[in-house]
2 protein chains.
Amino acid sequence: MARSEHRSGSTLPVTPPTLADVAERAGVSRQTVSNAVNNPDLLRPDTLERVRQTIAELGYSPNRAARNLRTRTSSLIGLRFAPAQEGTANAAMDRFVHSLVEASEEVGYHVLLFPGDDDDPIGGYENLLRSTAVDAFVVTDTYLGNPQAAWLSQQRAPFVAFGRPWDDEGARHVWVDVDGAAGIALATQHLIDRGHTRIAWIGWRKDSPIGEDRRSGWVRTMHANGLPTTGLASRVEDVVHSGAEAAAVLLDESAPTAFVCASDTLAMGVLHTLWIRQLAPGKDIAVVGFDDSQVAQVFPVGLTSVRQPLEDVAVEIVRALRALLSHQPVETRGVLLEPTLAIRESS
Amino acid sequence: MARSEHRSGSTLPVTPPTLADVAERAGVSRQTVSNAVNNPDLLRPDTLERVRQTIAELGYSPNRAARNLRTRTSSLIGLRFAPAQEGTANAAMDRFVHSLVEASEEVGYHVLLFPGDDDDPIGGYENLLRSTAVDAFVVTDTYLGNPQAAWLSQQRAPFVAFGRPWDDEGARHVWVDVDGAAGIALATQHLIDRGHTRIAWIGWRKDSPIGEDRRSGWVRTMHANGLPTTGLASRVEDVVHSGAEAAAVLLDESAPTAFVCASDTLAMGVLHTLWIRQLAPGKDIAVVGFDDSQVAQVFPVGLTSVRQPLEDVAVEIVRALRALLSHQPVETRGVLLEPTLAIRESS
DNA sequence: CGACCGCCCTAGATCGATCCAATCACGGTG
DNA sequence: CACCGTGATTGGATCGATCTAGGGCGGTCG
C-alpha cells in the first residue's frame, strides 16, 4: 500500500510516516529499515546511509504503540505520585522525581505517574501491570512497611525500591537507599569538630525504623568520641511545634550547645525556640537538620543539613532496573549511598 | 490458538490473558468481549453478564499497546518536567503536577514526564509527538515567551497551556491561567481593611509580564481606595537577598506599614529585614507573599500569601484536553481562575 | 567444479485489540 | 409463507513494528 500524499518539509503530516513508507522510498524492505534503526551493524554501510537519509527526509520515528505491542515492552517506568501533603516530607520526593526523570531519559525510559491513596496501596499498580502499560515500577513509600513490595514480588513484577525493607527479613527485591545513620554521624562529628561536647538529638518516635537508624548515627559518634548521650535525646512527632517544645525542654534540663535533628522540620522548631529565647543560631547554639529542604535554606539563617544524594539514588535505581529488565543476574540486592553535609550558618 | 496453560487464581500468569482467551472461555467472539468492555449497551444483558464474569475470573485487562496501536491513542499526557532548580519557583510546579496526575486519572489519562533543558525547548516534545507516544501535552513554561506553544500549534499537536500567551496576540491555542492581578488586589484590599494606608510593592523587573500583571493589581486597588503608590514600589530580582534590600530602602525612605510582594521569595527577604531591625511581622509591619509555598508557612511566623488554585487549574486543563481530543468545538480559548488569600500571622 | 558458508537482505507471520461489513435470529407485516 | 427490519453477534482485515525463516550472491575449500 503506497502512500502518495505530499509531505511538506516543515509541518508534520496528518499521519506520521511508517516503516513501510521509508522502506518504499529507500527501495529496501521494511525489515531493513527496522534494522537500520535497531541493529545498524547488520547493514552494509552504503545501505545504512541511504536508509538513514530517507528516515531523516521523512522525519520518521518508530510508532511507539506498534513497537510496544510487538516487543512487549513500553519503555515506561511507573511511579506512584502520592497526593500532596502539606509538609516537608515530599519536598525530597519531588527532587527525587526530577532526578529519576533525567536518569531514565539517559537510557531511553520515560516516567509514568499515577495517583494512589494510602488506603489502597495496590490499586494503581495492579491496573498498570495487568494492562502491560509499564515495564517496571519504582516504589518509594517503603516506610509504610510496604505491602506494595510484597505484592509486586509475588506478582513477579519488576521493580526497584527506594528505601530498605526494614522489617521484612525475607524480602528478596532490589533496593537503593541512603545511609541515614552515616549522615547523622557526619553531622555529629562536624559539631564535635567545632568543639561541641553536649550535643542533643531530636528524633522521631521509636516505631520509625528510619528514625531509629538516624538516631544510631548520633549515638555511635558520640560514644566513639567519649561523649555522653544520656538526657540529651528526645523523640517527638515530626512537626515544627514538637521540635520547638523538645528544644525548650532540652535547653532547660540538659544545657546542650548543639542540636542534631532527624528532619529539617524539627530543626525549624529548634530555630524557633532559639529565636524566642534570643539565642543566635550558629553562634550561641548550633543546629543541624536532615533533608536539605528548601524550607530551611534561607531564613533566618541558612540551616546546616544532611543532604541525600538523590541524583545518585535515581541513577542507581535506573541501573538496577535495566539489569532487572535485561534479565541479567542480580549482582547486589541492595545499594546504600552516603549522604553529604550541606554546611551553612547554623553550625 | 487456544491457550491451555493452567492459571492460578491468585498469581498473575507469565503472559496475561488476552481478549481471545476470554472469548473462548465465555463462548463468544472476540468482538463481543471487546464490546463488553467498550460498548456494553450493544450486548444483551445476559451475554454481558457472562462475559463480565469471565473477565473477572481471568483477571483480564486490555493490553494497552494493542489498544493504542489500533485506536491511535495512548491515554497519556506529556508534561515536561524541567530540571530542579534551587528556588521557590518549582514548589508550585510540584503541587500542580500532583493535581494534574489526579485530575487526569479521573478521566482515564496518565501523566508522562519527560526532561528538557531550556536550551532546546522543542526537543522532548518532538520525539514524543512523532512517535505518537502521547495524546497531548500540557505546557507549563509559558513565561519564556513559549516557543513550545508556537511550535506545537504549527504541528497541529493537541496541547493546553498553563499560562496566558502574554506577548503573542496571534496565539490561538487553549490556555488556563490564574489571575495574578486579582490575587494581589485581594491581598492589597486585605491590608487596607486592616487599616494600612501606606502599602509598599516589591515586584520583579519590568520585562516580566507576569510581574507587571501582579503589580497592576496593587496599583488598581490602591487607587480605587484613594491611596498613594508613588515612592512605594520597587522592582528587583526574585531572590531573598534582593527582597531584603528593597524592604530596607523602602522602610527608610517611604515608611510603609505593609508590604505586598510578587513572590514568597521576596516576602522572605522582607521578613529577614524586619527580623534584623527587630520589627515584629504582623504587628509592627504586615507582609503578604505570593504562591503559598511551604517555605514560608512555618517560620518565624506564618506568612500570609496568595494561593493559586492549582487543583482547579489542573481540572480545567484536563477538561480542555478532553474537548480538544474529542474534537469538540472549542467553547472558550482561555480560562482565568481566581486565587485565594491564605491569611496567617504576618498580616 | 560443485557443495558450503557468511553476509545482506526480503517476505510472511505475529503481537492483541478494534474497525468494518456481513451474518444470524426473530418477531412483525403484507 | 415469503419478506423485511432491527438488534445481537461474528469473522476477517487492520494498525505498524519486529521475529523467524529463508533466499540471493560471492567467495572458499575439498
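Small disclaimer: the values here were computed from a predicted structure and weren't measured. (Residues numbered from 1 in each chain as written. Chains lettered and ligands numbered in written order. Predicted model: local features only at pLDDT ≥ 70, side-chain atom pairs only at ≥ 80, totals over all residues. Heavy atoms only, no water.)

## Focus on the overall build of chain A
Basically, it comes down to this: Only runs of H or I of at least four residues qualify as helices and only runs of E of at least two qualify as strands under DSSP, and these elements are numbered from the N terminus. Based on C-alpha atoms, the radius of gyration is set beside the globule rule, defined as 2.2 Å times the residue count to the power 0.38. For every residue, the accessible area (1.4 Å probe, protein chains only) is compared with the maximum for its type, and the residue is labelled buried under 20%, exposed over 50%, or partly exposed between those bounds. In what follows, residue pairs with any heavy atoms lying within 4.5 Å of each other are defined as contacts.
The helix and strand inventory of chain A stands at 13 helices and 12 strands. For 347 residues, the compact-globule estimate of 2.2 N^0.38 gives 20 Å, and chain A exceeds it by more than 25% at 26 Å. With the C-alpha coordinates aligned to their principal axes, the bounding extent of chain A is approximately 85 × 45 × 35 Å. In chain A, which comprises 347 residues, the share counted as buried stands at 55%. Sequence-distant contacts, at least 24 apart, represent 66% of the contacts inside chain A between residues at least 6 apart.

## Side note on the relation of the copies chain A and chain B
To keep things clear, this is the line we draw: Alignment of the copies relies on least squares applied to C-alpha atoms, considering only residues that score at least 70 for pLDDT in both.
In screw terms, the move from chain A to chain B is a rotation of 180° and a rise of 0.1 Å along the axis, fitting with an RMSD of 0.1 Å. Taken together, the turn and the small shift mark the pair as related by a two-fold rotation axis. Same-surface contact between copies: 100% of interface residues of chain A are shared with the interface of chain B.

## Some thoughts on the pattern of salt bridges
Pairing between side chains of opposite charge can happen when their charged atoms approach one another. Residue and element names in this part refer to chain A. Stated formally: Salt bridges are identified by distance alone: a Lys or Arg side-chain nitrogen within 4 Å of an Asp or Glu carboxyl oxygen.
The full count for this structure, using the stated rule, is 28 salt bridges over all chains. In this structure, Arg-164 and Asp-177 form a salt bridge, with 2.9 Å as the shortest nitrogen-oxygen distance. Within this pair, whereas Arg-164 is found in the loop between strand S4 (159-162) and strand S5 (174-178), its partner Asp-177 is found in strand S5, the two being separated by 13 residues in sequence. As far as the burial class goes, Arg-164 and Asp-177 line up, both buried. One salt-bridge network, in which partners are shared between bridges, spans Arg-95, Asp-292, Arg-307, Glu-311 and Arg-344.

## Focus on the interface of chain A and chain B
For the record, the criterion: Two parts placed together each lose some accessible area; with a 1.4 Å probe, that loss summed over both constitutes the buried area. Counted as a polar contact is a pair of N or O atoms within 3.5 Å, where, for protein atoms, one must be capable of donating a hydrogen and the other of accepting one, and residues adjacent in sequence contribute only when both atoms are in side chains.
Listed by partner, the interface residues are 55 residues for chain A and 55 residues for chain B. Roughly 5500 Å² is buried in total at the junction of chain A and chain B, and carbon and sulfur atoms are behind 63% of that figure. Our enumeration of links across chain A and chain B arrives at 0 salt bridges. Counting the contacts that link chain A with chain B gives 8 residue pairs in polar contact (both at pLDDT 80 or more). Listed by contribution, the elements that provide at least two residues to the side of chain A that touches chain B are helix H4 (64-71), helix H5 (89-106), strand S2 (110-114), helix H6 (123-130), helix H11 (264-276) and helix H12 (294-297) of chain A. The element best represented in the side of chain A that touches chain B is H5 of chain A, accounting for 7 residues.

## Let's talk about the sheet that holds strand S9 (residues 286-290) of chain A
Residue and element names in this part refer to chain A. As a reminder, the rule being used: Each pair of strands is called paired provided DSSP finds at least two bridges between the two strands. Axis geometry follows a simple rule: fit a line to the C-alpha atoms, using only the stretch in contact for helices, then measure angles between N-to-C directions, giving values from 0 to 180 degrees.
Pairing in this open sheet of 6 strands is mixed, and the strands run S7-S6-S8-S9-S10-S12 from one edge to the other. Of all strands in the sheet, those with a lone pairing partner are strand S7 (233-235) and strand S12 (340-342), marking the two edges. The sheet shows a mean angle of 20° between the axes of neighbouring strands, taken without regard to direction. Two elements, strand S8 (residues 258-261) and S9, share 3 bridges in a ladder whose sense is parallel. In the strand pairing of S9, Ala-258 is matched with Ala-286. Those strands touched by helix H8 (residues 180-193) are strand S6 (199-203), S8, S9, strand S10 (304-307) and S12, and its axis lies near 170° from that of S8. Relative to S9, H11 is tilted by about 155°, and along the sheet it contacts S6, S8, S9 and S10.

## Thoughts on the side chain of Ser-234 of chain A
Among the secondary structure elements, Ser-234 of chain A is positioned in strand S7. Ignoring sequence-local partners within four residues, the contact set of Ser-234 of chain A consists of Trp-201, Ile-202, Gly-203, Ala-246 and Leu-250 of chain A.

## A closer look at the packing of aromatic side chains
Residues and elements named next belong to chain A. Put simply, the rule reads: The pairing test for Phe, Tyr and Trp rings, Trp by its six-membered ring, is centres within 6.5 Å, and the orientation test on the planes gives stacked under 30 degrees, edge-to-face over 60, and tilted for anything in between. Charges are assigned to positions over rings by a cutoff of 6 Å between ring centre and Lys NZ or Arg CZ, combined with an angular limit of 35 degrees from the ring normal.
Considering all chains together, one arrives at 10 aromatic pairs over all chains under this definition. Ring geometry for Phe-96 versus Phe-162: centroids 4.9 Å apart, planes at 45°, classification tilted. Taken together, the residues Phe-96 in helix H5 and Phe-162 in strand S4 connect sequence positions 66 residues apart. Judged on exposure class, the residue Phe-96 and its partner Phe-162 are both buried. Lying over the aromatic face of Phe-290, Arg-214 brings its terminal NZ or CZ to 3.6 Å of the ring centre.

## Some words on the protein's contact with DNA strand D
Going by this rule: In this text, near means that some heavy atom of the residue lies within 4 Å of the molecule or strand in question. Under the scheme applied, nonpolar residues are Ala, Val, Leu, Ile, Met, Phe, Trp, Tyr, Cys and Pro; charged residues are Asp, Glu, Lys and Arg; polar residues are all the others, including Gly.
Neighbouring residues of DNA strand D: 28 residues in total, closest Leu-19 and Gln-31 of chain A together with Thr-32, Thr-47 and Arg-72 of chain B. Looking at DNA strand D alone, sugar and phosphate atoms form 68% of those within 4 Å of the protein. Ser-29 of chain B places a main-chain nitrogen or oxygen 2.8 Å from a phosphate oxygen of DNA strand D. At a separation of 3.0 Å, a base nitrogen of DNA strand D approaches a polar side-chain atom of Arg-30 of chain B. If you list the elements that add at least two residues to the surface near DNA strand D, you get helix H2 (30-38) and H4 of chain A together with helix H2 (30-38) and helix H4 (64-71) of chain B. Per element, the largest residue contribution to the surface near DNA strand D is 5 residues, and it comes from H4 of chain A. Its residues assigned to classes, the surface near DNA strand D shows 9 nonpolar, 11 polar and 8 charged.

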